[in-house]
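Analysis of the macromolecular model
Next come the chains, spelled out residue by residue.
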Amino acid sequence: MGEASAQLPLAGILPLTAAVVADGHLSIAGCDTVALAREFGTPLYVFDEETLRHQCREFQAQFRSRHPDTTVSYAGKAYLGRALAALLAEEGMNLEVVSGGELAIARSVDFPPERISFHGNNKSESELREALSYGVGRVVVDNLHELSLLARLAQEAGRRQAIWLRLSPDIDPHTHHHTTTGVLDSKFGFPISTGQAEEAVAQALALPSLELVGLHAHLGSPIFEVEPFQRTIDTLMAFAARMNQMGAAQRYGLRLRELSPGGGFAVQYLEDVPAPAVAEYAEAIVGALRQAERAYGLPSPRLVVEPGRAVVSRACVALYSVGASKDIPGVRKYVAVDGGMSDNIRPALYGARYSALVANKLGPSTHSASSGQAGSGQVGEGERVTIAGKFCESGDVLLRDAYLPRLEAGDLLAVAMAGAYALPMSSNYNASLRPAIVMVKDGSARLIRRRETYEDLMRCDVWPPSQ
Ligand SMILES: Cc1ncc(COP(=O)(O)O)c(C=O)c1O
């Protein structure tokens, strides 16, 4: 494992293979980022294969060493492409998809269907048919409409489909309200406190084409505390115990075989905002599971965790070329780059903060910056700037109040922790072209998504209009 070199700023949040090479350039997996930018253009998203594989193995090792019957299911919504799907399959990961599109990507690389689970709060009939025909392992049923629809489709297909129920445990994970999903007022899942979860269990167990094997909850993302996960485990296990009882009034006899507290494991975007290590999450979750098994007298279920962000974030750096600057004396200096909200809308959408460095100006007087705070080694010729995108929205800002070496047109800005929820939420706003993506390993770069072209922009635009 190549560790990032000590003098490298942001070393703890760059890919594991990041280093400073000759001329003070940032390199990843032995590839000079300045050369990558020259060859593939910018904006460019660079994924480090070694970091991706390391993160998969870290989740598997930390959870399985404490609870051997753990499945790690990558949440494809964080980022999914065919190269990544193939790598995940090789690493023995499961995959969580939320749309026919994500399923199609998985299918195109023959991702083992039994290792796929299908989530989502409004799966369409055609998506459910696709899931059934590919033979996905689990469908995570979110509401009664889906329950009866899936039961009918499974029956028509002559299948008995294994399902989980997604429950809403009413636990606040203290994250941005846009990314909070497990509270009562949420569009996702069956609330436990209202009795709707119980009704779902009763109905599911009565449907012969469905086999209820597990319960699931996902609280939101990113969750910087371990306690909400522990409460989720306890709440789901308590519910499972209640649904298992064969009392006079309740005759469910639910046998809980699988249990998932979802994903949402936090990552460190900023130098001074650390996230718990995977081991800490594993210790807390497995500890809560053991306690709940004892408290409720339930046998140990298979544990399924669904990390998305924590698998891909650190593996990726986004490279941008610096262009125009605008200095408003006494107010703010804007420095614009050639991407922005079309390739990464997270800062504009919910104030996400990132850290960056100047990939062609590393060395003894190096600076790095996190939005809203001073970067390490900030002295001398550094300056405070706001990194703006190139799109027609004032909110198109990637980093606010960043301390970086004085930037000039042509410099290369590297944004760290760029692997999750940037590319999947990218758009063609202002008729921009989605960026290229490369995967780097052992000194060579493979293009895994080419940059879009003007032809791509117009591919679905029918002209002249069809009659
Ligand atoms: C059901 C479910 N599982 C897992 C995740 C992954 O979250 P994260 O990428 O923060 O780990 C999400 C994200 O929204 C989700 O909805």
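The present account deals with the structure reproduced in this document. (Residues numbered from 1 in each chain as written. Predicted model: local features only at pLDDT ≥ 70, side-chain atom pairs only at ≥ 80, totals over all residues. Heavy atoms only, no water.)

Helix and strand counts for the chain come out as 12 helices and 22 strands. In summary, the chain has a C-alpha radius of gyration of 24 Å against a globular reference of 23 Å for 467 residues, a match within 12%. Its C-alpha atoms give the chain principal-axis dimensions of about 75 × 60 × 45 Å. For the chain, the proportion of its 467 residues judged to be buried stands at 55%. At a minimum sequence separation of 6, the contacts of the chain that also span at least 24 residues come to 67%. Carbon and sulfur atoms make up 51% of the accessible area of the chain, which amounts to about 18900 Å² in all. When the 44 positive and 52 negative side-chain charges of the chain are each reduced to one mean point, those points stand 3 Å apart. (Helix = DSSP H or I, 4+ residues; strand = E, 2+ residues; numbered from the N terminus. Rg over C-alpha atoms; globule rule 2.2 N^0.38 Å. Buried < 20%, exposed > 50% of the residue type's maximum accessible area, 1.4 Å probe, protein only. Contact = heavy atoms within 4.5 Å. Areas by Shrake-Rupley, 256 points an atom, 1.4 Å probe, with all protein chains shown as cover. Lys, Arg positive; Asp, Glu negative; His and termini not counted. Charge placed at Lys NZ, Arg CZ, Asp CG, Glu CD.)

With six of seven residues buried, strand 11 (residues 210–216) is to be regarded as a mostly interior element. Of the pairings in the sheet, the one linking strand 9 (residues 161–168) to strand 11 comprises six bridges and is parallel in character. Looking at strand 11, one finds that Leu165 is bridged to Leu215. (Pairing = 2+ DSSP bridges.)

On to the site of the ligand, then. Of all residues adjacent to the ligand, which total 16 residues, the nearest are Ser221, Gly264, Glu306, Arg309 and Tyr421. Taking Glu96, its side chain carries an N or O atom lying 2.9 Å from a nitrogen atom of the ligand. Within the side chain of Glu306, a nitrogen or oxygen atom sits 2.7 Å from a nitrogen atom of the ligand. Looking at the shell around the ligand, its residues break down into four nonpolar, seven polar and five charged. (Near = heavy atom within 4 Å. Polar contact = N/O pair within 3.5 Å; in protein donor to acceptor, adjacent residues only side chain to side chain. Nonpolar A, V, L, I, M, F, W, Y, C, P; charged D, E, K, R; others polar.)

What follows deals with the state of the cysteines. Counted according to the given criterion, the structure contains zero disulfides. The thiol of Cys316 is unpaired, and the distance to the nearest cysteine sulfur, on Cys31, comes to 14 Å. (Disulfide = S-S within 2.5 Å.)

One turn of an α-helix holds 3.6 residues; hence residues three or four places apart share an orientation. End to end, helix 2 (residues 49–64) covers 23 Å across 16 residues, agreeing with the expected 22 Å (1.5 Å per residue, within 8%). For helix 2, the set of buried residues is Glu49, Thr51, Leu52, Arg53, Gln55, Cys56, Phe59, Gln60, Gln62 and Phe63. (Expected span 1.5 Å × (residues − 1).)

What follows concerns the pattern of salt bridges. When charged atoms on two side chains of opposite charge get close, those side chains can pair. Taken as a whole and assessed by the stated rule, the structure comprises 30 salt bridges. Through salt bridges with shared partners, one network takes in Glu49, Arg53, Arg57, Glu90, Glu91, Lys441 and Arg446. (Salt bridge = Lys/Arg side-chain N within 4 Å of Asp/Glu carboxyl O.)

Turning our eyes to something else, we now look at the environment of Ala89. Mapped onto the secondary structure, Ala89 falls in helix 3 (residues 82–90). Among the residues examined, Ala89 registers a relative accessible area of 21% and is labelled partly exposed. It is 7.5 Å that separates the C-alpha atoms of Ala89 and Pro112, two residues lying 23 residues apart in sequence. Aside from chain neighbours lying at most four places away, what touches Ala89 is Phe111, Pro112 and Arg115.

For the rest of this paragraph, the subject is the nonpolar core. Residues Leu26, Phe47, Phe63, Tyr74, Ile163, Leu165 and Ile387 are the most contacted members of the largest nonpolar core, which totals 138 residues. Apart from the residues lying within four places of it in its own chain, the contact partners of Leu165 are Val141, Leu147, Phe190, Ala200, Val201, Leu212, Gly214, Leu215 and His216. Of all hydrophobic cores here, the second largest spans five residues; its members include Val140, Ala162, Trp164 and Val213. (Core = buried A, V, L, I, M, F, W, Y, C linked by side-chain atoms within 4.5 Å.)

Attention now moves to the packing of helix 5 (residues 125–134) against helix 6 (residues 144–157). One way to put it is that helix 5 packs onto helix 6 with a least axis distance of 10 Å and a crossing angle of 45°. On the basis of the axis angle, helix 5 is oblique to helix 6. Between helix 5 and helix 6 lies a crossing whose hand is right-handed. Residues Glu125, Leu128, Arg129 and Leu132 of helix 5 touch helix 6, and the partners they reach there are Glu146, Leu149, Leu150, Arg152, Leu153, Ala154 and Glu156. (Axes fitted to C-alpha atoms, helices over the stretch in contact; angles between N-to-C directions. Parallel < 35°, antiparallel > 145°, perpendicular 65-115°, else oblique. Left-handed = near helix turned anticlockwise from the far one by under 90°.)

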